[in-house]
Amino acid sequence: MCWEPETGSFPVSAWTPREEQALLMPYLHLVKRAVSHLRSQVGTVVGREDLEQIGLLGLLEALRRYGQPDEHFEFFAFKRIRGAILDELRRQDWRPRQLRQQANEFNHHVRQRTNALGRVPSESELSQSMGLPVEKVRELSYASLAEAMHSFEALLERSGGEWGDEDSFGQLELQLTLKKVLAGLKPREQLLLSLYYQHELNMKEIALVLNLTESRVCQLHKQCLASLNSQLADYL
């Protein structure tokens, strides 16, 4: 991967472009990891190389905001890379209008089937009731997850002060609030969030760990985020 730093896009750096490139080299793997992490939600709408370029700019921004990298930089940078990709996808309105409409109809259908069955329908049941291939059901399920993820991370960003500032009151308050809210989730939901946000597994990998379909993992993920968004908004 290569890049041309854009002047004016980020805070002014004290390093030369060559020095910045040398500092970033050990962390380029974070860009590929973030792209792989988000790939299942994005699907094939945006090319991998385009996502990597966006992530690379996020890594550069992270370096310029953070300063000299230390043992905590990798965690900070990964969140900034993911955030940059999600922000850019949202800015470009990467989901076609027709797909957004289909996703809304899909969510409405899932709610109807859930009420009728008294439980969340399986991927195969949704495929049958909607007359769609399983792959399309999975695509529609993923189509609305990225927005929920963005809303959740935006709430954390607004509530916790500057990322990486571990001594700030806002960050400490956020950590305590998150622990309290997460403790109220079911064990499986806690595990799912841990696998995704801490261990950085993608949907397919989490599905294998939990012995669920990818679509079901996606549904659970969205439910967790909706619950967290609601509860954090009450706390903060």
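Please refer to the structure placed before this passage.
Since we're looking at a predicted model, the values are computed, not measured.

1. Structural notes on helix α6 (residues 123-130)
Reasoning step 1: The set of residues buried in α6 consists of Glu 123, Leu 126 and Ser 127. Viewed along the axis of α6, the buried residues span an arc of 105 degrees, placing them on a single side of the element.
Reasoning step 2: Within two residues after α6, Gly 131 carries a phi angle of roughly 65 degrees, on the positive side.

2. A few points about the nonpolar core
Reasoning step 1: The biggest cluster of nonpolar side chains holds 48 residues, and the ones touching the most others in it are Leu 59, Phe 73, Ile 85 and Ile 206.
Reasoning step 2: Among the elements that make up this core, the one with the highest residue count is helix α4 (residues 73-91) (8 residues).
Reasoning step 3: Dropping the residues within four chain positions of it, Ile 85 is found in contact with Ala 34, Val 35, Leu 38, Leu 51, Ile 54 and Gly 55.
Reasoning step 4: If you look at the next biggest cluster of nonpolar residues, it comprises 8 residues, including Ala 103, Phe 106, Val 110 and Leu 140.

3. Side note on the packing of aromatic side chains
Reasoning step 1: In total, this model carries 3 aromatic pairs according to the counting rule given.
Reasoning step 2: Pairing Tyr 27 with Phe 73 gives two aromatic rings, centres 4.8 Å apart and planes at 75 degrees, and the pair type is edge-to-face. Of this pair, Tyr 27 sits in the loop between α1 (17-24) and α2 (28-42) while Phe 73 sits in helix α4, and the two are 46 residues apart along the sequence. Pair check on accessibility: Tyr 27 and Phe 73 agree, each one buried.

4. Some words on the environment of Arg 33
Reasoning step 1: Assignment of secondary structure puts Arg 33 in helix α2.
Reasoning step 2: With 22 residues separating them in the primary sequence, Arg 33 and Gly 55 have C-alpha atoms 9.9 Å apart.
Reasoning step 3: If we skip the residues at most four places from it in the chain, Arg 33 touches Glu 74, Phe 78 and Glu 200.

5. A word on the environment of Phe 78
Reasoning step 1: Within the secondary structure, Phe 78 sits in helix α4.
Reasoning step 2: When the C-alpha atoms of Phe 78 and Leu 30 are compared, they prove to be 6.0 Å apart, with 48 residues separating the residues in sequence.
Reasoning step 3: Once residues lying within four places of it in the same chain are set aside, the contact partners of Phe 78 are Leu 30, Arg 33, Ala 34, His 37 and Glu 200.

6. Topic: the packing of α1 against helix α3 (residues 48-66)
Reasoning step 1: Between α1 and α3, the least distance of the axes is 11 Å, while the angle of their chain directions is 105 degrees. Comparing the axis directions of α1 and α3 gives the class roughly perpendicular. Contacts from Glu 20, Leu 23 and Leu 24 in α1 reach Leu 59, Leu 60, Leu 63 and Arg 64 in α3.
Reasoning step 2: Considering only residue class, the contact of α1 with α3 consists of 5 nonpolar, no polar and 2 charged.

7. Thoughts on the environment of Val 209
Reasoning step 1: Along the chain, Val 209 turns up in helix α11 (residues 203-210).
Reasoning step 2: Classification of Val 209 by relative accessible area gives partly exposed; the value is 49%.
Reasoning step 3: When the C-alpha atoms of Val 209 and Leu 192 are compared, they prove to be 9.2 Å apart, with 17 residues separating the residues in sequence.
Reasoning step 4: When near neighbours in sequence (up to four residues on either side) are disregarded, Val 209 contacts Leu 195 and Leu 201.

Definitions and cut-offs
Residues numbered from 1 in each chain as written. Predicted model: local features only at pLDDT ≥ 70, side-chain atom pairs only at ≥ 80, totals over all residues. Heavy atoms only, no water. Buried < 20%, exposed > 50% of the residue type's maximum accessible area, 1.4 Å probe, protein only. Helix = DSSP H or I, 4+ residues; strand = E, 2+ residues; numbered from the N terminus. Arc of directions from axis to C-beta. Core = buried A, V, L, I, M, F, W, Y, C linked by side-chain atoms within 4.5 Å. Contact = heavy atoms within 4.5 Å. Phe/Tyr/Trp six-rings, centres within 6.5 Å; stacked < 30°, edge-to-face > 60°. Axes fitted to C-alpha atoms, helices over the stretch in contact; angles between N-to-C directions. Parallel < 35°, antiparallel > 145°, perpendicular 65-115°, else oblique. Nonpolar A, V, L, I, M, F, W, Y, C, P; charged D, E, K, R; others polar.

Honestly, it's all geometry; don't read function into it.
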